[in-house]
Amino acid sequence: MDGTETSSGRSTAAPATRRRLLGQTELVAIILMGTLLSQRWLIDLLDFRPLQAWSTMFVAIVVQALPFLVGGVLLASFISVLLSERVLAAVVPKRSGLAVPVAGLSGMALPGCECASVPISGSLIRRGVPPAAALTFLLSAPAINPIVLVSTAVAFPGQPEMVLARFVASLSVALVMGWLWLTLGGKVPMRLPKLPPDAGQPKLVRFLGSAQHDFLHAGGFLVLGAMIAASINVLVPRQVVDSVAESFWLGILVMALFAFLIAICSEADAFVAASMSSFSPTAQLAFMVVGPAIDVKLAAMQSGTFGRAFAVRFAPLTFAVAVISAVLVGWWLL
Amino acid sequence: MVVAVNRTTQTLVVTVIGAFVLKICLEGAHVRFVKDWMFWPLLVCGTFLLVVPLLLAWAQRRNQEEHHQHGVPAATWLMLAPVAVAFAISPPALGSYVAERSGGQTPQASGVMAPLLDEDPLPLTLGMFLSYADYDPDRSLADRRVLLEGFVSHREDGWSVSRITMSCCAADAYALTVQVHADGPRPARDTWVQVIGTWVEPDPAQDPLTVVQAVRAERVSEIAEPPQPYEY
């Protein structure tokens, strides 16, 4: 509440929107005030159980992801603005073919969730890291970091082969996608959002400005993905998903699609996979390999950060590679 | 037609999100959405989102106008959606809707079963109750009076006392439910109740995966919703 007051107070002080009588800032402020004032009436009107469950899940996904997204854009901004050329050159191998496995393994070092890795890989590309390596990092960081592996071990007690299978399958997806990008990359357009120009401002201002810029770019798409994911959660009963568990191939496909659509954090997906015990271990593995690599929220964020033309190619390809990798590794290890 | 988000509105959008995150933290409402330990990350994140845009707008007040061409995508407008939804619907803690849909699940067996305490009635979380009911080879729950707390969810043939549990956020939530055999009318959905009763041992011939654990209640009393609505 106090925030709305502060903000609307600011908007009247800003000279940039004065030109029109009612600029968008004022409009947004008015809508916010209106919602605030009619709250009591709205709550009664919208008292409908599925809608309430939807709203809780929607807000929950956004609230859970926000601190990770803020951490991610700060690290991304650090890479974009503050990291010196010398350090960057020392860390990233010159040859792209070699940079891919290095990026894949360094994904282990970032214990964040997938929302953080999109802006980070965007900033790596901006700083001249080969896109193939940055994309490998994008795919490996949320999938094979220590927190994810530990939570997988907890969710599947007494089945260490599941942890190993997840690690191998996810890392292979990241590497295969990186190397594929080396050969096909020239054909896929990638449009990175431009940073605000360096207008001779102090470094700290540029650092924070770039962070806010990245936050706004990725945030809207995160919200869009959260809306879709919450809707799927509320609309599709678990029983419908469970009913195909008997069939091996259909089970794998349904679990992979389910992972794409419900878009849960990679730290939590092992518990959901474990709870769907009627599925084959390979189908459970597919769920855990697809989820952190690509889901509806990530696809939306990628189209915001790398452009729509990129996302419509990269997302389905990642999905296919993840499913194939899960099937092969499942057949080998599980 | 969707309008690109201008600089001042960008400041407004981020500030409002920061205020929103701080508000749910300080009200303690974050426990409806995420696990308790997220309090500190959210507090830091909210403060940051509230303060940084204002600082930036102040630092860049002179070159506001040159920046007009550097808008952000129209999808940025969506960032206001969670704030609007939270105000308009005021999302409650998940309850009977999820419990009735998911039909209840049994938690993973948690290794060694410690002997139950001597108290009577014995207070147990639903997770503990279900673990002992499903997995304890010594059947130590038999003939014990237990005290369970949770919200009411309905089933076709009666009602259950339920609790929502989650591993990360409310989007991966599922319900722990124990059917209650009690006399009298069934309580309204989402009423919080305390149930004192004894375990109804399932027929050993039944498939352990489909068994519905139940208590025969001797007393059901209404209680207030606890500050931490979920159980982990």
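Residues numbered from 1 in each chain as written. Chains lettered and ligands numbered in written order. Predicted model: local features only at pLDDT ≥ 70, side-chain atom pairs only at ≥ 80, totals over all residues. Heavy atoms only, no water.

## Focus on the overall build of chain B
Looking only at helices and strands, chain B features five helices and six strands. For chain B, the sequential pattern of α-helices and β-strands runs α-α-α-α-β-α-β-β-β-β-β. Looking at chain B residue by residue over its 232 residues, the buried ones come to 55%. Counting only contacts in chain B whose residues sit at least 6 apart along the sequence, the fraction spanning at least 24 positions is 71%. (Helix = DSSP H or I, 4+ residues; strand = E, 2+ residues; numbered from the N terminus. Buried < 20%, exposed > 50% of the residue type's maximum accessible area, 1.4 Å probe, protein only. Contact = heavy atoms within 4.5 Å.)

## Observations regarding the overall build of chain A
The secondary structure content of chain A amounts to 17 helices and zero strands. With the model as given, the accessible surface of chain A reaches about 13700 Å², and the carbon-plus-sulfur share is 70%. (Areas by Shrake-Rupley, 256 points an atom, 1.4 Å probe, with all protein chains shown as cover.)

## Some thoughts on the side chain of Thr 318 of chain A
All names here are of chain A. Positionally, Thr 318 belongs in helix H17 (residues 308-333). On the basis of relative accessibility, which here comes to 0%, the residue Thr 318 falls in the buried class. At 2.6 Å, the side chain of Thr 318 forms a polar contact with the backbone oxygen of Phe 314. (Polar contact = N/O pair within 3.5 Å; in protein donor to acceptor, adjacent residues only side chain to side chain.)

## Comments concerning helix H8 (residues 131-144) of chain A
Helix length check: H8 of chain A (14 residues) gives 20 Å between terminal C-alpha atoms against 20 Å at 1.5 Å per residue, within 8%. A large share of H8 of chain A lies buried, amounting to 13 of its 14 residues. (Expected span 1.5 Å × (residues − 1).)

## So, the packing of helix H10 (residues 160-184) of chain A against helix H15 (residues 281-293) of chain A
Residue and element names in this part refer to chain A. Relative to each other, H10 and H15 sit at 45 degrees, their axes nearing to 10 Å. In terms of orientation, H10 and H15 fall into the oblique class. Seen along the crossing, H10 lies across H15 with a hand that is right-handed. Residues Met 162, Ala 165, Arg 166, Ala 169, Ser 170 and Val 173 of H10 touch H15, and the partners they reach there are Pro 281, Gln 284, Leu 285, Met 288, Val 289 and Pro 292. A per-class count over the contact of H10 with H15 returns nine nonpolar, two polar and one charged. (Axes fitted to C-alpha atoms, helices over the stretch in contact; angles between N-to-C directions. Parallel < 35°, antiparallel > 145°, perpendicular 65-115°, else oblique. Left-handed = near helix turned anticlockwise from the far one by under 90°. Nonpolar A, V, L, I, M, F, W, Y, C, P; charged D, E, K, R; others polar.)

## Overview of the nonpolar core
One finds Phe 58, Phe 215 and Phe 287 of chain A together with Ile 17 and Leu 94 of chain B to be the most contacted residues of the largest nonpolar core, which totals 150 residues. Element by element, the count of residues in this core is highest for helix H4 (residues 49-82) of chain A, at 16 residues. When near neighbours in sequence (up to four residues on either side) are disregarded, Leu 94 of chain B contacts Ala 53, Thr 56 and Met 57 of chain A together with Phe 151, Ile 164, Ala 170, Ala 173 and Tyr 230 of chain B. One finds Leu 122, Leu 124, Leu 141 and Val 146 of chain B within the second-largest nonpolar core, a separate group that totals 23 residues. (Core = buried A, V, L, I, M, F, W, Y, C linked by side-chain atoms within 4.5 Å.)

## Considerations on the pairing of strand S2 (residues 145-155) of chain B
Residues and elements named next belong to chain B. S2 sits mainly inside the fold: eight of its eleven residues count as buried. Where S2 and strand S5 (residues 192-200) come together, seven bridges link them in antiparallel fashion. Counterpart to Leu 147 in the pairing with S5 is Ile 196. In this structure, S2 lies alongside strand S3 (residues 158-165), joined through five bridges in antiparallel fashion. Along S3, the bridge assignment pairs Phe 151 with Ser 162. Linking S2 to S3, which pair antiparallel, is a turn of two residues. (Pairing = 2+ DSSP bridges.)

## Regarding helix H7 (residues 114-126) of chain A
All names here are of chain A. Counted at 1.5 Å a residue, the expected span for H7 with its 13 residues is 18 Å, and the 19 Å between its end C-alpha atoms agrees. Taking burial as the measure, the 13 residues of H7 include twelve buried ones, the bulk of the element. Buried residues belonging to H7 abut H4, H8, helix H11 (203-235), H15 and helix H16 (296-306). Once H7 finishes, Gly 128 follows within two positions and takes phi at roughly 90 degrees, a positive value.

## Points about the confidence of the model for chain A
Do not read the fine detail of predicted coordinates wherever pLDDT is low. Residues and elements named next belong to chain A. Across chain A, the average pLDDT comes to 81, with 85% of residues at 70 or higher. Taking the mean pLDDT of every element in chain A, the minimum, 38, falls on helix H1 (residues 2-13) and the maximum, 94, on H15. Overall, residues 1-21 carries pLDDT values under 50, and its contacts beyond four positions in sequence, including any with other chains, amount to 28 contacts. (pLDDT = per-residue confidence, 0-100.)

## Thoughts on the packing of aromatic side chains
Within this structure, the stated rule accounts for ten aromatic pairs over all chains. Look at Phe 248 of chain A and Trp 249 of chain A: their rings are 5.2 Å apart centre to centre, the planes differ by 85 degrees, and that puts the pair in the edge-to-face class. Between Phe 151 of chain B and Trp 192 of chain B, the aromatic rings sit 5.7 Å apart at their centres with planes inclined by 70 degrees, giving edge-to-face as the arrangement. Within this pair, whereas Phe 151 of chain B is found in strand S2, its partner Trp 192 of chain B is found in strand S5, the two being separated by 41 residues in sequence. By the burial criterion, Phe 151 of chain B is buried, and Trp 192 of chain B matches it. (Phe/Tyr/Trp six-rings, centres within 6.5 Å; stacked < 30°, edge-to-face > 60°.)

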